[in-house]
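So you can see what is in the structure, the chains are spelled out below.
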Amino acid sequence: MTAGVRLVVLGRQGAGKGTQAVRLGKQFDVPHISTGDMLRAAVAAGTEFGLRAKSVMDAGQLVSDEIMVGVVDERLHEVDAVERGYVLDGFPRTEAQALALEKITSEHPIHVVLNLEVPESVVLERITKRRVCTTCGRIYSVDAPPADPWRCDLDGGEVVQRADDTEEAVRKRLDLYAAETLPLVGFYRDRGVLCEVDGLGSPDDVFARLLAAVEAVRQS
Ligand code: AMP
């Protein structure tokens with residue numbers, strides 16, 4: 001394997017996928033590419049695209065495959081991703097996206113798809129308790145708030161519940177996940193690039209499992 005590493009992290013919303021994907025990006029010195037973060041940045045920037053995406057996201061639905069594939073295609077062709085690789089987080093979410101990703105990466109295929117497994121009952125509780133800094137994106141929980149409630153420990157930004165983290169929107173996202181994204185586990189298993197990782201336990205334990213999985217592939 002070359003120095004770079006190209007990873008996809010799959011998992012239910014609230015499985016800790018985002019936090020772990022950020023850590024993996026730092027560990028391997030590759031960009032963390034999160035489609036959710038890219039969409040939220042467009043919403044914050046108030047672009048027309050962002051405004052359209054916001055209503056879809058707040059309702060817990062999926063932005064169209066065509067738009068998402070275009071966004072990811074462009075991002076994966078930026079120089080940092082081409083030269084170093086990436087950790088892709090939140091994409092693909094549908095079979096159409098997975099097929100498009102195969103085409104986009106045909107010359108430099110994904111090394112491993114990590115599927116972070118956490119039962120639905122656990123993630124529902126985690127997500128509805130989740131709170132996030134509006135400035136830096138740091139994640140808190142109702143059970144583990146910042147020292148000064150609700151101001152971020154890092155930058156003093158306001159810590160709020162994401163508009164799409166209400167129980168109703170979360171249930172919708174979990175149903176969508178089961179219908180649209182879960183089949184990708186079989187898709188990648190068939191292609192021999194899937195690695196299933198137990199997502200229960202402390203974040204450090206889960207990260208150690210993810211690293212071990214990536215290292216095993218790097219050494220093969
Ligand atoms: P996330 O931060 O990954 O949970 O994404 C937040 C929201 O952005 C999702 O609930 C979707 O509405 C939208 N989104 C992010 N990635 C995708 C994608 N690959 N396909 C469709 N919609 C997406």
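Residues numbered from 1 in each chain as written. Predicted model: local features only at pLDDT ≥ 70, side-chain atom pairs only at ≥ 80, totals over all residues. Heavy atoms only, no water.

Caption draft 1: How the structure looks around the overall build of the protein. For the protein, the count of helices and strands is 10 helices and 8 strands. Compactness check: the protein gives a C-alpha radius of gyration of 17 Å against a globular reference of 17 Å for 220 residues, within 12% of the reference. In terms of its C-alpha atoms, the protein occupies a principal-axis envelope of roughly 45 × 40 × 35 Å. For the protein, buried positions account for 43% of its 220 residues. Long-range pairs, those at least 24 residues apart, make up 70% of the contacts in the protein between residues at least 6 apart in sequence. (Helix = DSSP H or I, 4+ residues; strand = E, 2+ residues; numbered from the N terminus. Rg over C-alpha atoms; globule rule 2.2 N^0.38 Å. Buried < 20%, exposed > 50% of the residue type's maximum accessible area, 1.4 Å probe, protein only. Contact = heavy atoms within 4.5 Å.)

Caption draft 2: How the structure looks around the site of the ligand. As a matter of local geometry, the ligand sits amid 16 residues, with Thr35, Arg40, Gln61, Gly90 and Gln97 nearest to it. Against a free-state accessible area of 480 Å², the protein chains account for coverage of 96% of the ligand. A class-by-class count of the residues in the shell around the ligand yields 6 nonpolar, 5 polar and 5 charged. (Near = heavy atom within 4 Å. Areas by Shrake-Rupley, 256 points an atom, 1.4 Å probe, with all protein chains shown as cover. Nonpolar A, V, L, I, M, F, W, Y, C, P; charged D, E, K, R; others polar.)

Caption draft 3: Fine view of the side chain of Gln13. By the element assignment, Gln13 lies in the loop between strand 1 (5-11) and helix 1 (17-28). Taking relative accessible area as the criterion, Gln13 reaches 9% and is therefore assigned buried. Setting aside its immediate chain neighbours within four residues, Gln13 contacts Arg93, Val123, Ile127, Arg173, Leu174 and Tyr177.

Caption draft 4: Representation of the sheet that holds strand 1 in the model. The sheet built from 5 strands is open, its strands ordered 2-3-1-4-8 with parallel pairing. Every interior strand has two partners, whereas the edge strands, strand 2 (32-34) and strand 8 (194-198), have only one. Neighbour to neighbour, the strand axes of the sheet diverge by 25° on average, direction disregarded. Running at roughly 155° to strand 4 (residues 112-117), helix 10 (residues 203-219) makes contact with strand 1, strand 4 and strand 8 of the sheet. (Pairing = 2+ DSSP bridges. Axes fitted to C-alpha atoms, helices over the stretch in contact; angles between N-to-C directions.)

Caption draft 5: The arrangement of helix 2 (residues 35-45) in detail. Along helix 2, the residues classified as buried are Thr35, Gly36, Leu39 and Ala42. Each buried residue of helix 2 lies within a common arc of 125° when the element is viewed along its axis, so the set occupies one face. Relative to its buried face, helix 2 has exposed residues pointing more than 90 degrees away, namely Ala44 and Ala45. Each element contacted by the buried residues of helix 2 is listed here: strand 2, helix 3 (48-58), helix 4 (65-76) and strand 3 (85-89). Just downstream of helix 2 lies Gly46, where phi reads positive at about 70°. (Arc of directions from axis to C-beta.)

Caption draft 6: Seen up close, unusual backbone geometry. Cis peptide bonds are those with omega within 30 degrees of zero, and the linkage from Phe91 to Pro92 qualifies with 0°. In this structure, Pro92 sits in the loop between strand 3 and helix 6 (95-104). Put simply, Pro149 and Trp150 share a cis peptide bond, and its omega is -25°. With respect to the helices and strands, the residue Trp150 is situated in the loop between strand 6 (139-141) and strand 7 (159-160). Backbone geometry at Asp29 places phi at a positive 55°, although glycine is not the residue there. Mapped onto the elements, Asp29 comes out in the loop between helix 1 and strand 2.

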